[in-house]
Amino acid sequence: MSFWSPEQNQSPGGLDTRLSRILFLLLLIVAPSAQGVIQNPEACQVFQSDNGSSVNCYPPAKLPSSLPADTIYLSVEFLNLTQLPPTTLQGLSNLQELHLSSNRLEKLSVKFLLPVPQLKVLDLTRNALTHLSPGLFQVSAALHTLVLKENKLEVLEASWLHGLKALVHLDLSGNFLRTLPPGLLANFTDLRILDLGNNRLETLPPDLLRGPLKLERLHLEGNRLQALEEGLLAPQPNLHYLFLQDNQLATVAAGAFRGLKQLDMLDLSNNLLTSVPKGLWAYLGQPGATQNMKDGFDISGNPWTCNENLDDLYQWLVANKDKMFSPNATRCAEPTAMKGQTLLTVATSHLKPKVGVETGVTAPKNTVPH
């Protein structure tokens, strides 16, 4: 590791070559305590390897006017930057990861990413972005991870993302999005992780997931969704994790989970579900099937009405009780006579009288042999 700024020469003046080498090796070994030898507290840290340089600029460092030409990793975080010049990345044609989180960036120039066509990861977490310039990603065909978490996005335009062809992970969580435009993800055929959690989404466009057919994780938690429509998730045979907690879901279509052949975890907790349609659970958690919900499910925190309309759910719960999260927090809200009882307890007792009928077993008669 070295500490670098364009104004500072790194070779220790007045020392012979052997001593310089020893000091450099010591600096590599005791990097965490190397602060005591920094002459310029505003210098960034540079880690050098055979692949290229990794540059970290944290307070009290300041972003220098130029960076090592072989930089492949650049982290400029917690510096309270409101803007970056369009030429910031000039000469860094090998840059692969750029982390700009925890600043106050309000916008990025359309020319900002032009010098870095090999960029694979762009992290813009916790800034103040309200929009992205159309054309920002015009040379970003290699970008596979884009994190826009916790910015100030209230709207999102499909044109803002044009140029992205290899995206695998898209994180838009923690913004103020109320709607999403049709066709937003149409070209993201390799997308594996989509995080739209903790926005203000009330509905989702029906075609939202028609482009990315290889999704493995879908985060929709912490929104204002009121209904999960049939067909939204249908083309997702590889989906393993589905997070829908902390919404306002009152209805889930009977075929909403049809086609989820590999779902390992489902979180529907803290919604407004009182009942669910018959057949909803037929596609999930079947013993011996591929979709065995091995990582569990959570339906707690809903105001369940425990009556005959939950018969289908009762059977499914009993069959999958070992995969259930928060059973003590999954309780009946209605009718009054059952209020506060756990759903699993009600389900177990509700099914007991039917065991004899379903299995064809009859109770032995009290007869005395002659």
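Since the model is a prediction, treat every value here as computed from it, not as a measurement.

## Observations concerning the state of the cysteines
Part 1 of the reasoning: For the coordinates displayed, the defined rule picks out 2 disulfides.
Part 2 of the reasoning: Here Cys44 connects covalently by a disulfide to Cys57, the sulfurs 2.0 Å from one another. Taking the sign of the S-S torsion, about 110 degrees here, the bridge from Cys44 to Cys57 comes out right-handed. One end of the pair, Cys44, is in strand S2 (residues 44-48); the other, Cys57, is in strand S3 (residues 53-57), and 13 residues separate them in sequence. As far as the burial class goes, Cys44 and Cys57 line up, both buried.
Part 3 of the reasoning: Residue pairing for Cys306: its cysteine sulfur links by disulfide to Cys332, the two sulfurs lying 1.9 Å apart. The S-S bond linking Cys306 to Cys332 shows a torsion near -95 degrees; that makes this disulfide left-handed. Placement of Cys306 in the loop between strand S16 (304-305) and helix H2 (311-319) and of Cys332 in strand S17 (residues 332-334) is noted, with a sequence separation of 26 residues between them.

## Quick notes on the environment of Gly197
Part 1 of the reasoning: Looking at the secondary structure, you find Gly197 in the loop between strand S9 (193-195) and strand S10 (217-219).
Part 2 of the reasoning: For Gly197, a relative accessible area of 0% puts it in the buried group.
Part 3 of the reasoning: The spacing of Gly197 and Asn247 is 50 residues in sequence and 9.9 Å in space, taken between C-alpha atoms.
Part 4 of the reasoning: Setting aside its immediate chain neighbours within four residues, Gly197 contacts Ser173, Gly174, His219, Leu220, Glu221 and Asn223.

## Some details on the pattern of salt bridges
Part 1 of the reasoning: All chains considered together, the criterion is met by 5 salt bridges.
Part 2 of the reasoning: One salt bridge in this structure joins Glu150 and Arg126, with 3.9 Å as the shortest N-O distance. Of this pair, Glu150 sits in the loop between strand S7 (145-147) and strand S8 (169-171) while Arg126 sits in the loop between strand S6 (121-123) and S7, and the two are 24 residues apart along the sequence.
Part 3 of the reasoning: Arg258 is the salt-bridge partner of Glu230, the closest N and O atoms lying 2.7 Å from each other. Here the residue Glu230 occupies a position in the loop between strand S11 (227-228) and strand S12 (241-243), and Arg258 occupies one in the loop between strand S13 (251-252) and strand S14 (265-267), the gap between them amounting to 28 residues.
Part 4 of the reasoning: Exposure remark for Glu230: the relative accessible area of 46% places this residue in the partly exposed category.

Criteria and thresholds
- Residues numbered from 1 in each chain as written.
- Predicted model: local features only at pLDDT ≥ 70, side-chain atom pairs only at ≥ 80, totals over all residues.
- Heavy atoms only, no water.
- Disulfide = S-S within 2.5 Å.
- Helix = DSSP H or I, 4+ residues; strand = E, 2+ residues; numbered from the N terminus.
- Buried < 20%, exposed > 50% of the residue type's maximum accessible area, 1.4 Å probe, protein only.
- Contact = heavy atoms within 4.5 Å.
- Salt bridge = Lys/Arg side-chain N within 4 Å of Asp/Glu carboxyl O.

Nothing here speaks to function; it is all geometry.
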